[in-house]
Amino acid sequence: MTLQQGLAFGLIALTIGAFVWGRFRFDLVAVVALVAGLAVGVIPAEAAFDGFKNDVTVIIACALIVSAAFARSGVVELAMRRVLPLLKTERSQVPVLTTAVTVLSMATKNVGALAIMMPVALQVARRTGSAPSRLLMPMAFGAMAGGMVTLVGTAPNIIVAEVRQQIVGQPFGMYDFAPVGLAITAMALVFLAIGYRILPKDRRGATQMNAALAANAYATEVIAPEDWVQGAMTVSALAACGEGDVRIMALIRAGKRRPSPRGNAVVRPGDVLLVEGEQQALQEFIARSKLKLIREDRPITMENAAEEITVVEAVIGRNSPLQGQSVRQSDLYGKHGINLLGVSRSGYELTQHLRTAKLAHGDIVLLQGAEQSLPTALQALDLLPLAEREVRLGSTKKRFLPAAVLAVAMILVGLGLVPVAVAFFGAAVVIVALGGLKMREAYAALDGPLLVLIAALIPVSDAIQQTGGSDLIAGLLRHVFNGLPGLVAVAGVLLASMAVTPFLNNAATVLIVAPIGATLAKQLGFNADPFLMAVAVGAACDFLTPIGHQCNTLVMGPGGYRFGDYPRLGAPLSLLVLLVAPPLILLFWPL
């Protein structure tokens, strides 16, 4: 072993030790390792920032933006609207929700797919009395399994494709992972549809700040437009669009108010309805009923083109000039250029016209305005903003845009017309440019710690290969597997990858193990592809701890899981993958 190899191994060992210790953030450990590698000379200065311009980093960043656009559009909720009322018991909820998130993770990044489907699962659990702990972990495992099917489904696939590019000059394609991934995913879905019963039912999920704020019931006004596609509907039929979560408080026609209208009353174009519900329920109600939110379309004046329109929640303070004034008297739009979209008042139902309702200290108001002028208005009106969260109210526009753009991108990649990085970068840009996502929301969707972790570790992992360390380790492994069937060697690489990833970020696992697996294949005289596939599968199947994969971490709080709950369901699933995956890999990727 040379000095440079020793330094490279020492750097990797210390980095892994810091990851396992868990005392410091993963991204901080990665950037410190990068600086240390530069300091000891195992990473050339000219290669220090190669990770930040690497296709891997670009693809993952763009996949996160596309996933956020999917969540913003509500197209998944729309697609499942007819199915959700049929899910009465866990026996039907687990396979349907797990399959849905699994299929979605094949089209976009798995953690994004899970983030889109989690609110749907929690809503189903709340309505039927099911335990979220029986639903969320199978969904997380399904998302990880589904991510194996396509190149962009999970970070390990993207990184393995890059390693193959360096070795043979040609990366894996978008659907090269599909034959193995689909088979393993099908097996995982069957197991999860039955094995979820292993999970405890008595876990109580942590209440997040967003969930606490979502309990605010807002009163707002909507109007049936003159070109209303529904034509006319009874109050009871219209209330059904809210699925029991939205109340129609009053019907206003030609200036006359009818509080608590009867269910057989007919709503016609031009009628105004005072409705009440939680923000998300109102948003879905407006989208389904095709009604229009009053005051939403009044133009917002912005100081410069870089500004965006935003919606905030704020509490009316004790010294606010809005106290005792109606919405009409306060003239928020005329004086401050902001629209009042809704009012939440505890202990009192608003049944009169919203514009004539007297505002009071402690009321929560929904305000729409330019992001730079809103803070000034809040200060002048003594309005106290609530904790920051995404607030949406109004019609959902361009609902199918993200799905259409992503479909075009994947077709172009599948036909080999455009490289993956270019296709997904183009998809993210088109979605933002056409209004499917605001720039502010796109920046918020980027997972900074994950991107920094990957970008910083790419040069660190390259140090092992550049110094000849990969050849050294592969030589030792060659003696272990020499004379044994190739199936055993592939299984050994899969096991190594699967054993390391619960304690490291799965991207870090691939960056370290993939070059070693490829070198081992070369020394044994085998094709590198099955070994790289084994690394990808092992790193993607992180079912044992809540810290190795973001999907597991994401469900830990809402599901109320403990550390030991993960191996309870994950250990038998991991064993199944270990038994089934090596023969499958060799079936489609011969030695």
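From a predicted model like this one, the values you see are computed outputs, not experimental measurements. (Residues numbered from 1 in each chain as written. Predicted model: local features only at pLDDT ≥ 70, side-chain atom pairs only at ≥ 80, totals over all residues. Heavy atoms only, no water.)

Side note on the overall build of the protein
Summing up its helical and strand segments, the protein has 25 helices and 11 strands in all. Among the 591 residues that make up the protein, the fraction classed as buried is 54%. When contacts within the protein are restricted to residue pairs at least 6 apart in sequence, those whose partners lie at least 24 apart make up 81%. Surface accessibility of the protein: about 24800 Å² in total, with carbon and sulfur atoms responsible for 62%. (Helix = DSSP H or I, 4+ residues; strand = E, 2+ residues; numbered from the N terminus. Buried < 20%, exposed > 50% of the residue type's maximum accessible area, 1.4 Å probe, protein only. Contact = heavy atoms within 4.5 Å. Areas by Shrake-Rupley, 256 points an atom, 1.4 Å probe, with all protein chains shown as cover.)

Re the packing of aromatic side chains
Under the counting rule described, the total for this entry stands at 6 aromatic pairs. Plain terms: the ring middles of Tyr561 and Tyr566 are 5.8 Å apart, the flat faces sit at 65° to each other, and that makes the pair edge-to-face. Judged by relative accessible area, which is 5%, Tyr561 ranks as buried. Overall, the relative accessible area of 0% leaves Tyr566 in the buried class. In this structure an aromatic cluster arises from ring pairing among Phe172, Phe177 and Trp589. (Phe/Tyr/Trp six-rings, centres within 6.5 Å; stacked < 30°, edge-to-face > 60°.)

A look at unusual backbone geometry
Notably, Ser260 is not glycine yet its phi reads approximately 45°, a positive angle. Relative to the elements of secondary structure, Ser260 occurs in the loop between strand S4 (256-259) and strand S5 (266-267). Ser260 gets classed as exposed once you look at its relative accessible area, which sits at 57%. We note that Asp382 has phi near 55°; this positive angle belongs to a residue other than glycine.

Side note on helix H2 (residues 26-40)
Turn by turn, an α-helix covers 3.6 residues, leaving residues three or four places apart pointing in a common direction. In a regular helix each residue adds 1.5 Å, so 15 residues correspond to 21 Å; H2 covers 21 Å between its end C-alpha atoms and thus fits that length. Restricting attention to buried positions, one finds in H2 the residues Asp27, Val29, Ala30, Ala33, Leu34 and Gly37. For H2, the arc enclosing every buried residue in end-on projection is 160°, short of the 170-degree limit, so these residues lie on one face. The exposed residues of H2 that point more than 90 degrees off its buried face are Val35 and Ala39. At the exit of H2 stands Gly41, carrying a positive phi of roughly 90°. (Expected span 1.5 Å × (residues − 1). Arc of directions from axis to C-beta.)

Quick word on the pairing of strand S10 (residues 364-370)
Most of S10 is tucked away, with 7 of its 7 residues classed as buried. As paired strands, strand S8 (residues 309-316) and S10 are joined by 7 bridges and run antiparallel to one another. The residue bridging Ile309 from the neighbouring strand is Ala370, located in S10. (Pairing = 2+ DSSP bridges.)

Notes on a nonpolar patch on the surface
A contiguous nonpolar patch, built from Trp21, Phe24, Leu28 and Val32 and spanning about 430 Å² of accessible area, is present on the exposed surface. Locating Leu28 in the fold gives a position in helix H2. (Patch = residues over 30% accessible without salt bridge, like charges linked within 9 Å, V, L, I, M, F, W, Y side chains within 5 Å. Salt bridge = Lys/Arg side-chain N within 4 Å of Asp/Glu carboxyl O.)

Thoughts on the confidence of the model for the protein
Taken residue by residue, the protein gives an average pLDDT of 80. The fraction at 70 or more is 87%. Between residues 207-214, whose pLDDT stays under 50, and residues either more than four places distant or in other chains, the model counts 9 contacts. (pLDDT = per-residue confidence, 0-100.)

Details of the pattern of salt bridges
Tallying each qualifying case throughout the model produces 4 salt bridges. With a shortest N-O distance of 3.8 Å, Glu90 and Arg134 are connected by a salt bridge. With Glu90 in helix H5 (residues 90-107) and Arg134 in helix H7 (residues 132-147), the pair connects residues that are 44 residues apart, well separated along the chain. You can call Glu90 buried: its relative accessible area is 13%. The class of Arg134 is buried, set by a relative accessible area of 7%. Asp529 is the salt-bridge partner of Arg164, the closest N and O atoms lying 2.6 Å from each other. Of this pair, Arg164 sits in helix H8 (residues 155-168) while Asp529 sits in helix H23 (residues 529-540), and the two are 365 residues apart along the sequence. Taken individually, Arg164 and Asp529 each receive the classification buried, so the pair is uniform in this respect.

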